[in-house]
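# A look at the structure
Listed here are the chains, written in short residue letters.
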Amino acid sequence: MKPFPKVKSMLVPIKGHVVDHEAFKFACHIAKENKAIIYAVHVIEVSMDKPVDAEIIEETQQSEIILGPIEDIAKSEKCPVRAEIVQGRNVGPAIIQEATERDVHLIILGTRHANEFETSRTEDTTSYILRNSSCPVILWQEAMQSWNSNGGSINASPSNGK
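Here goes a summary of the coordinates provided. All figures in this text were calculated on a predicted structure; none of them were measured in a lab. Note on numbering: residues in each chain are counted from 1, in written sequence order. Local features in this predicted model are restricted to residues of pLDDT 70 or higher, and side-chain atom pairs are both shown and tallied only at a pLDDT of 80 or more, whereas totals for entire chains, interfaces and linings draw on every residue. Side-chain measures were taken over the full set of non-hydrogen atoms in the model, leaving aside hydrogen atoms and water.

## A short note on the overall build of the chain
Tallying secondary structure elements over the chain gives four helices and five strands in all. Only runs of H or I of at least four residues qualify as helices and only runs of E of at least two qualify as strands under DSSP, and these elements are numbered from the N terminus. The N-to-C order of helical and strand elements in the chain reads β-α-β-α-β-α-β-α-β. For every residue, the accessible area obtained with a 1.4 Å probe (protein chains only) is divided by the maximum for its type, and the residue is called buried under 20%, exposed over 50%, and partly exposed between those limits. Relative to its full complement of 162 residues, the chain shows a buried share of 39%. The contacts of the chain with a sequence gap of at least 6 include a subset with a gap of at least 24, amounting to 79%. The contact definition used throughout considers only heavy atoms, calling two residues in contact when any of these lie within 4.5 Å.

Printed below as a string of structure tokens:
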């Protein structure tokens, strides 16, 4: 087996879920070992009735809120990060375009256990990234016990019978 190649840059898509924080922390460990930079990217999907580069103030503000905790994690982990907001028609192609333009060596993609409504969209984005990435992709899926039937994360700690 070949040794894992040196990673100088990574891309971590950030959707705003707890699993993104876990995937990002994992990326920080790799970044520190390799003295690499992480691009934390949140994609704003722009509808077809607007130009792809339209100024979308509300979504941009929400993206900044989503990326805030990632920047906090980077600071506490002493990990170099460039948090960026990207606009595109679809998340998958936007992620691949960013990875290509940045010439990243690795994508770390956090995935959740999706409810029925989310399943198709989540699978489409993940499949697109896996099929079209020119670099390795690591999937970081949240543990099943941290997911509830409403599609949200819950505390997975034992209840001590109370």
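## Some points on helix α1 (residues 18–34)
Expected span, for any helix, means 1.5 Å times one less than how many residues it has. With 17 residues, α1 should cover 24 Å at 1.5 Å per step; its first-to-last C-alpha distance of 25 Å lies within 8% of that length. What α1 keeps buried is the set Val19, Asp20, Ala23, Phe24, Ala27, Cys28, Ile30, Ala31 and Asn34. Summarising the contacts, the buried residues of α1 are in contact with β1 (9–13), β2 (37–45), α2 (57–77), β3 (81–88), β4 (106–111) and β5 (137–141). Residue Lys35 follows α1 closely and has a positive phi angle near 55 degrees.

## Points about the side chain of His42
Within the secondary structure, His42 sits in strand β2. The buried category is assigned to His42, whose relative accessible area is 10%. Among the polar contacts made by the side chain of His42, one reaches the side chain of Ser63 at a distance of 3.3 Å. Setting aside residues no more than four positions away along its own chain, His42 makes contact with Ile14, Lys15, Ser63, Ile66, Leu67, Glu84, Ile85 and Val86. We call two N or O atoms a polar contact when they sit within 3.5 Å, provided that within protein one can donate a hydrogen and the other can accept it, with sequence-adjacent residues counted only if both atoms are side-chain atoms.

## Here we look at the pairing of β2
With respect to burial, β2 is a largely interior element, eight of its nine residues being buried. Any two strands are treated as partners once DSSP identifies two or more bridges connecting them. Here β1 runs beside β2; their pairing, made up of five bridges, is parallel. Looking at the pairing, Pro13 lines up with Val41 of β2. Orient the strands so they point away from the viewer, and a crossover whose first-strand-to-second-strand path over the helix runs clockwise is right-handed. Since β1 and β2 lie parallel, the crossover through α1 that links them has a hand, and here it is right-handed. By the bridge criterion, eight bridges tie β2 to β3 in an arrangement that is parallel. By the bridge assignment, Ile38 is partnered in β3 with Val81.

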